[in-house]
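Summary of the model geometry
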Amino acid sequence: MTMATPPPPSHATTVRNLVVEVVDARDLAPKDGQGSSSPYVIADFDGQRKRTSTKFRDLNPIWNEKLEFIVTDPKTMEAEELEIEVFNDKKMGKGSGSARRNHFLGRVKLYGSQFSKKGNEGLIYFPLEKKSVFSWVKGEIGLRIYYYDELVEEQKEGAPPPDEGAPPPTEAKKLPKEEVLPEIILPTEIAEEMAEPPPIVTIAESPPPVTVQPEHPEPHGISFAAHTEQQVPPEVRKVQTSGVVTTERIKVFGRPNGEYAPRVITGRFAGESERISAYDLVEPMQYLFVRIVKARALAPNESPHVKIRTGSHFVRSKPATHKPGEASGNPEWHQVFALGHNRPDSGNATLEISVWDGASEAFLGAVCFDLSDVPVRDPPDSSLAPQWYRLEGGDDQQPNKVSGDIQLSVWIGTQADDTFPESWSSDAPYVSHTRSKVYQSPKLWYLRVTVLEAQDLHLFSNHPPATTLDIRVKAQLGFQSIRSRRATSNHISSFFWNEDLVFVAGEPLEDQLILLVEDRTSKEPVLLGNVTVPLSSVEQRLDERHVPSKWFVLDGGSSGGHGGAPAGGGGGAIYCGRIHLRLCLEGGYHVLDEAAHVCSDFRPTAKQLWKPAIGILELGILGARGLLPMKTKGAGKGSTDAYCVAKYGKKWVRTRTITDSFDPRWNEQYTWQVYDPCTVLTIGVFDNWRIFADATEERPDYHIGKVRIRVSTLESNKVYTNSYPLLVLQKSGLKKMGEIEVAMRFACPPLLPDTCAIYGQPMLPRMHYLRPLGVAQQEALRGAAIKMVAAWLARSEPPLGREVVRYMLDADSHTWSMRKSKANWFRIMAVLAWAIGLARWVDDIRRWKNPVTTVLVHLLYLVLVWYPELIVPTVFLYVFLIGVWYHRFKPKIPAGMDIRLSQADTVDPDELDEESDPVPSTKPPDIVRARYDRLRTLAARIQTVLGDFATQGERLQALVSWRDPRATRLFIAVCLAVAVVLYVVPPKMVAVALGFYFLRHPMFREPMPPASLNFFRRLPSLSDRLM
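Since the structure is predicted, the reported quantities are computational estimates derived from the model, not experimental observations.

Moving on to the overall build of the protein. In terms of regular secondary structure, the protein is built from 15 helices and 40 strands. In the protein, which comprises 1027 residues, the proportion classed as buried is 44%. Partitioning the contacts of the protein with sequence separation of at least 6, the portion at a separation of at least 24 is 73%. Carbon and sulfur atoms make up 58% of the accessible area of the protein, which totals about 54700 Å².

If you want it as structure tokens, here you go:
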């Protein structure tokens, strides 16, 4: 009898698989010599290479094949690169020569950050890219890429081998993945790439290496993470450096705007730490950390608490808690305190930690420490382990009331300590509203509702004969409401719209879309039916592919009344017709919540379409100087409780609130991933009012000022430490509220091909150009997005107020302002200044004000006329020399707010009052009438200028329109004479004669206007026909 062998011991491991589903391709380039191609696809990921089958002579092939790869290390998957290449198969070509070669049809490069988990994937069409400048590539390929994790059972070492007839489990797992489909034919065009990935280098120009933080929400804003082996994100994976470069501090020698201009902060920040911190943009601040964990075997008590006392601080913990079933003598606190610490003044200081009864304030014991013996925790050291200390009593205390132990740890650290953000800080006592936090904006989608038609509507017959019905669809999503235009009809019960209604939807997609069909023929709208669609059931699309439409049954009709809400009750059982809709959530758009000119992010909603980041933006918020008092405390004493907010992309950061200080020092550092350098970082300072408000009271925070920094103006890997003025436009005029000190560094490879290629790519995602949104529609959607972001961040703890979000996002940037109109006018004049200057220079040459220059211009003109092939190179060389010349005057520091450009220094108080007036106006009628008259005067000037432009264009048309017969005859006769002369005389001679005639000496020139200009001014325009 054979005994059954027990199965060998095994343990399960998680294996991540990547699936690349090659669906199809569109509009490929014909490269087989016969007007077609036989394409196949090769996918390369992490050293694994797979290919699809070949589609014979098909420029729009359909594969629907899955290529599966094993992810070696799931932790580094985001840094891995997937390369998809399309080739023409040489075996399918019937010709000879070049037709039998493998031709490159295009490629796509993707990174692990663009992969989706199984269940969240979507079909995405990627445009095929060139491999070199000489490649001829067109078309796009449709891919569906996702990954999933599976548990694989592996045998432990020493286990008996399985039966000989069965393959090992590991081999059985690998056989399907290593099976090669057809033979992979090496292409003739091979990309010039390294066999191994380039070395991973951290971008840094200063001696301390830069440690990159991810962009996801972090539990705190600051950490001095100096690891031995640093985790480098994919955006700096390909950076290669030849040496260590020192940090360059930027200096500026002039301040054109005086006290309103940014200035450089000199000096380096150095702490007493023996290690060099990777985050060197901020100044280390010393804190005494006390972690109170729990106690045991205390004397009888009720809700004990802990008091911590030093020479300059006295704090009290929260009441203790008890585990279920634990005795009252074993309380727990689990609380950390961070007390400001000045090491030179703490030589003979002591720290006293005492436990007190909450009900009777009886002394339960204490522990004392000499601060000179407290250890210093220096990152990357791990947390100091708490220890048990015996509680002791004073000489005057009763011995029987002091007993037990307390578990705690004490150390000295900086604001980089990982426990600092959640600790009770001595400079921010109101913990609930003063902690530093990182926020994330919600994920926003555009919801496109295409209303096609409606049928079987129950219309009422009380309308007069021959009345045109006004049937409209009203769509509601949350606070957003849009009404369609009037429907067209070719049948009594069928109505057509074919109109797109676009909304902003935010995740989680829990809202419902409500559509109301209304009859607005009479004064009172009549509800004909409604339908409710949950957003979770709407299909998501990432490109312009067609989404199938659906019919929805209408219910809830009414016999009259207002149709502003769906009918309730038992209306769901009544058939009121049906409506034909096409619904989709657009993931290929970027939902704008900022003004277009100060946008900080252009990525689409769908993460699968994100490009890899190109660098890291580091911001050190040092502090503020000279803030003005924003509130009063006590007997008229001014006070300011300031905190700072910075916004870039989807990530918002908020520093802790420094209470009652006009010179707060935050010294907090944050990082962002940069996907496009042509973006703007916004930094704002606010006065905290919520710390003094009740739970039911809403007290908005007041803005102190803000600064915008364009990332593209930052040199790569340089540290900028500057002070920027905080300016606010009040009704009384421009006011400086103080200064903010920040340090910035843009860690980015300066001239890597990927970085340079960003400047040649479209700024907005692809869908904005394929199916663009109107300007007015985009502004309305932006207003809805701002409301949704503000509502989302207001639900955080501590909340980021709606007034803070609106101020940071410039929610009122589109409103009318006389000051902004003047600023834009002077900006136009500044842009045209070069043309005006060139015209003046040419006029000086004509008038021979400098004879030497005029003679040189004559010689240069002769050379260019005789050698016309030198004109274009000369122009480009001249532009190059101009760029080199202006390099001497390039800005040394990133610019902040410009008061002269904004016309803020010369603005009239009445114009400021008008700028702050909401719509509709709240001013008295006489003020509104005066402003309206002033606007009419300005509009009359603009009207005159526009009329002059139209007149000049109409005179050009009048040259050949025969409106003035004599002028037209004269003009065409001159044109004939010029044509004959140019046919007979060499063109170079004509050009020399015209040039010398134009540059003739003033003694040969009449002071009156030339005949050609007089002729043009006499031509007729259409202005005499205006009524």
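Still more to cover.
The strand order across the open sheet built from five strands is 17-18-11-14-19, with neighbouring strands paired in mixed fashion. The sheet is open, and its two edges are formed by strand 17 (387–390) and strand 19 (424–425), each paired on a single side. Examined bridge by bridge, strand 17 and strand 18 (residues 405–413) share four bridges and lie antiparallel to one another. By the bridge assignment, Q387 is partnered in strand 18 with L408.

With that out of the way, let us pick up the packing of aromatic side chains. Under the definition given, this model contains 17 aromatic pairs. For the pair Y287 and F420, a centre-to-centre distance of 4.8 Å together with 50 degrees between the ring planes defines the contact as tilted. Taken together, the residues Y287 in strand 11 (residues 287–296) and F420 in the loop between strand 18 and strand 19 connect sequence positions 133 residues apart. For Y287, a relative accessible area of 2% corresponds to the buried category. Judged by its relative accessible area of 4%, F420 falls in the buried class. With a centroid separation of 5.2 Å and 80 degrees between ring planes, the pair formed by F369 and Y389 is classed as edge-to-face. Taken together, the residues span a long stretch of sequence, with F369 in strand 16 (residues 363–370) and Y389 in strand 17 at a distance of 20 residues. Aromatic rings pair up to connect Y287, F289, W411 and F420 into one cluster.

Right, let's get into helix 14 (residues 987–998). Two residues of an α-helix separated by three or four positions point the same way, owing to the 3.6 residues in each turn. The end-to-end C-alpha distance of helix 14, which contains 12 residues, comes to 16 Å, matching closely the 16 Å that a straight helix rising 1.5 Å per residue would cover. What helix 14 keeps buried is the set V990, V992 and G995. Tucked inside the fold, the buried residues of helix 14 contact helix 9 (851–866) and helix 13 (965–984).

The full count for this structure, using the stated rule, is 54 salt bridges. D470 is the partner of R472 in a salt bridge, and the nearest nitrogen-oxygen pair spans 2.9 Å. A salt bridge links R931 to D917, with the shortest nitrogen-to-oxygen separation between them at 3.9 Å. One end of the pair, R931, is in helix 12 (residues 925–957); the other, D917, is in the loop between helix 11 (909–915) and helix 12, with 14 residues separating them in the sequence. A single burial state applies to R931 and to D917, both of which are buried. What you see here is one network of salt bridges that share partners, running through K731, D910, D913, E914, D917, K923, R931 and R934.

This brings us to a nonpolar patch on the surface. A cluster of nonpolar side chains, namely V863, W866, Y867, L870, L976, V980, V981, Y983, V984, V985 and M989, defines an oily patch on the protein surface of about 1100 Å² accessible area. Those elements that provide at least two residues to the nonpolar patch are helix 9 and helix 13. It is helix 13 that contributes the most residues to the nonpolar patch, five residues altogether.

Attention now moves to the pairing of strand 31 (residues 615–625). Summarising burial for strand 31: 10 of the 11 residues are buried, a large majority. Sheet analysis places strand 31 next to strand 36 (residues 665–674), joined by eight bridges and oriented antiparallel. Following the sheet pairing, G623 is matched in strand 36 by R665. Pairing of strand 31 with strand 40 (residues 733–747) involves nine bridges; the strand directions are antiparallel. In the strand pairing of strand 40, E618 is matched with R745.

Here the focus is the nonpolar core. Grouped together as the largest cluster of nonpolar side chains are 37 residues, with contacts concentrated most on L619, W672 and I740. Sorting the residues of this core by element identifies strand 31, strand 34 (642–648), strand 36, strand 37 (680–687), strand 38 (702–710), strand 39 (719–730) and strand 40 as the ones contributing at least two each. Per-element tally for this core: the top contributor is strand 40, with five residues. In this structure I740 touches G623, A624, C644, I683, V685, V707, N722, S723, Y724 and L726, once residues within four positions along its chain are discounted.

If you trace the four strands from one edge of the open sheet to the other, you get 3-2-5-6, paired in antiparallel fashion. Only two strands of the sheet have a single neighbouring strand rather than two, namely strand 3 (48–51) and strand 6 (103–111). Neighbouring strand axes in the sheet, compared pairwise and without regard to direction, differ in orientation by 15 degrees on average. Here strand 2 (residues 39–45) runs beside strand 3; their pairing, made up of four bridges, is antiparallel. Residue pairing across strands places I42 opposite R51, the latter belonging to strand 3.

This next bit is on the packing of helix 7 (residues 818–831) against helix 8 (residues 833–846). It is the contact of helix 7 with helix 8, at a shortest axis distance of 4 Å, that shows an interaxial angle of 40 degrees. With respect to their mutual orientation, helix 7 and helix 8 come out oblique. Residue-level inspection shows M829, A830 and V831 of helix 7 in contact with helix 8, the latter providing A833, W834 and I836. For the contact of helix 7 with helix 8, a count of residues per class yields six nonpolar, no polar and no charged.

What follows is about the packing of helix 9 against helix 14. The geometry of helix 9 relative to helix 14 is characterised by a closest axis approach of 10 Å and an angle of 160 degrees between their N-to-C directions. With respect to helix 14, the element helix 9 is oriented roughly antiparallel. Of the two possible hands of crossing, helix 9 and helix 14 adopt the one that is right-handed. Residue-level inspection shows H858, Y861, L862, V865 and W866 of helix 9 in contact with helix 14, the latter providing K988, M989, A991, V992, G995 and F996. Per-class residue counts for the contact of helix 9 with helix 14 are eight nonpolar, two polar and one charged.

With that out of the way, let us pick up the UniProt feature "transmembrane region" (unreviewed entry) in the protein. Feature annotation in UniProt assigns "transmembrane region" (unreviewed entry) to the following positions: residues 825–842, 862–886 and 970–999. Each end of residues 825–842 is marked by a C-alpha atom, and these two atoms are 25 Å apart; helix forms 94% of the span and strand 0%. Measuring from the first to the last C-alpha atom of residues 862–886 gives 29 Å, for a span that is 84% helix and 0% strand.

Attention now goes to unusual backbone geometry. The amide bond that connects E507 to the next residue, P508, takes the cis arrangement and shows omega of 0 degrees. Along the chain, the position of P508 falls in the loop between strand 25 (494–506) and strand 26 (512–519). In this structure, P920 follows V919 across a cis peptide bond, with omega equal to 0 degrees. Even without being glycine, N64 reaches a positive phi, approximately 55 degrees. Positionally, N64 belongs in strand 4 (residues 62–71). In this structure, E361 takes a positive phi of about 55 degrees despite not being glycine.

Basis of the calculations
Residue positions are given per chain, counting from 1 as you read along its sequence in written order. Where totals are concerned, whole chains, interfaces and linings use all residues; where local detail is concerned, this predicted model gives features only for residues with pLDDT of at least 70, and gives and counts side-chain atom pairs only at 80 or more. Water and hydrogen atoms play no part in the side-chain values, which are based on all heavy atoms of the structure. The helix and strand labels rest on DSSP assignments: H or I over at least four residues marks a helix, E over at least two residues marks a strand, and numbering proceeds from the N terminus. Only protein chains enter the area calculation, which uses a 1.4 Å probe; residues under 20% of their type maximum are buried, those over 50% are exposed, and those in between are partly exposed. By the convention used here, residues are in contact when the closest approach between their heavy atoms is within 4.5 Å. Areas reported here follow the Shrake-Rupley algorithm with a probe of radius 1.4 Å; residue values treat only the protein chains shown as occluding. Paired strands, in this sense, are two strands between which DSSP finds at least two bridges. Pairing of aromatic rings covers Phe, Tyr and Trp, the last counted by its six-membered ring, and requires centre-to-centre distances within 6.5 Å; plane angles under 30 degrees mean stacked, over 60 mean edge-to-face, and any other angle means tilted. To estimate how far a helix should extend, the number of its residues minus one is multiplied by 1.5 Å. What counts as a salt bridge is simple: a side-chain nitrogen of Lys or Arg found within 4 Å of a carboxyl oxygen of Asp or Glu. Excluding any residue in a salt bridge, patches collect residues exceeding 30% relative accessible area, merging like charges within 9 Å and nonpolar Val, Leu, Ile, Met, Phe, Trp and Tyr side chains within 5 Å. As used in this record, nonpolar core signifies buried Ala, Val, Leu, Ile, Met, Phe, Trp, Tyr and Cys residues forming a set joined through side-chain atoms within 4.5 Å. Axis lines are fitted to C-alpha atoms, over the contacting stretch for helices. Their N-to-C directions set the angle, which ranges from 0 to 180 degrees. Angles below 35 degrees are treated as roughly parallel, those above 145 as roughly antiparallel, those between 65 and 115 as roughly perpendicular, and all remaining angles as oblique. Three residue categories are used. Nonpolar comprises Ala, Val, Leu, Ile, Met, Phe, Trp, Tyr, Cys and Pro, charged comprises Asp, Glu, Lys and Arg, and polar comprises the others, including Gly. With the far helix as reference, a near helix turned anticlockwise by less than a right angle produces a left-handed crossing, and one turned clockwise produces a right-handed crossing. UniProt positions are given in the numbering used here, feature names are shortened, and annotations may be inferred rather than shown by experiment.

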